[in-house]
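Chain residues, written in single-letter form:
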Amino acid sequence: LAASGGYYISAPASKIVASPLTLTGSIGVIMGKFNFEKFLADLGVSIDQGRTFGKNANMMSATTSYTRAQKRKLNRMIDEVYDTFLAKVSEGRRMHEWKVRRIANGRVWTGEDAYRLGLVDALGGLEDAIAAAQQLVKEREADSGGQVRRVFHSLCLSLSLSLSLSF
């Protein structure tokens, strides 16, 4: 699974291997908050916001609604994060931004679709990903004086610890 935040951090990778049926993409941004203001008022509970510093200090409070200005600010923030996400994918996957925009918009793709669209470089499983990483190590080792191999072994140890802890 490499969707949303997972894909955000994966997009700049040298190589992405995805299972054919994995969920990939979700290049989009959503942000909001729970607002219990009316619910609490219906129960007769009032919240004293106390002293705040700045007109947006309580913007993300679960006991106040957004003002019009805060909604505009939130939408600008979402647009900025989305533009950054698109740029990361465009650069990392070496695609024109207009193409990324066409396939983004929060859509989720299977691994096969993501491969066809250029969001991943290969289809396969964990063994294929490890083999691809080993190949990258071999290709870059001559230039690094062995540093790449030490990082790779450390990464494999972390990956195997993560996998064993999650089962």
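See the structure printed just above.
Heads up: these notes are all about the structure in this document. All figures in this text were calculated on a predicted structure; none of them were measured in a lab. (Residues numbered from 1 in each chain as written. Predicted model: local features only at pLDDT ≥ 70, side-chain atom pairs only at ≥ 80, totals over all residues. Heavy atoms only, no water.)

1. Quick notes on the side chain of S90
Topologically, S90 is positioned in helix α3 (residues 68-92). Classification of S90 by relative accessible area gives buried; the value is 13%. Among the polar contacts made by the side chain of S90, one reaches the main-chain carbonyl oxygen of M95 at a distance of 2.5 Å. Apart from residues no more than four positions distant in its own chain, S90 is found in contact with M95, H96, E97 and V100. (Helix = DSSP H or I, 4+ residues; strand = E, 2+ residues; numbered from the N terminus. Buried < 20%, exposed > 50% of the residue type's maximum accessible area, 1.4 Å probe, protein only. Polar contact = N/O pair within 3.5 Å; in protein donor to acceptor, adjacent residues only side chain to side chain. Contact = heavy atoms within 4.5 Å.)

2. Re the environment of Y8
Mapping Y8 onto the fold places it in helix α1 (residues 5-10). Beyond its immediate stretch of four places on either side in the chain, Y8 contacts T84, F85 and K88.

3. Examining unusual backbone geometry
Excluding glycine, residues mostly have negative phi values, and the peptide bonds linking residues are mostly trans. For R94, which is not glycine, the phi torsion reads 55° and is therefore positive. Located in the positive-phi region is N105, a residue other than glycine, with phi close to 60°. Counting through the fold element by element, N105 comes out in the loop between α4 (97-103) and β4 (108-110). For N105, a relative accessible area of 58% corresponds to the exposed category.

4. Topic: the packing of aromatic side chains
Applying the stated rule across the entire model yields 2 aromatic pairs. Aromatic side chains F34 and F36 sit 6.1 Å apart centroid to centroid with 20° between the ring planes, which places their arrangement in the stacked category. With a relative accessible area of 66%, F34 lands in the exposed category. Residue classification places F36 among the partly exposed residues on the basis of a relative accessible area of 40%. (Phe/Tyr/Trp six-rings, centres within 6.5 Å; stacked < 30°, edge-to-face > 60°.)

5. Notes on the nonpolar core
Of all hydrophobic cores here, the largest spans 18 residues; its most connected members are Y7, I27, L86, V89, I103, W109 and L119. Mapped onto this core, the elements with two or more residues apiece are α3, α4 and α5 (111-117). Those residues in contact with I103 that lie beyond four places of it in its chain are M95, W109, L117 and L119. (Core = buried A, V, L, I, M, F, W, Y, C linked by side-chain atoms within 4.5 Å.)

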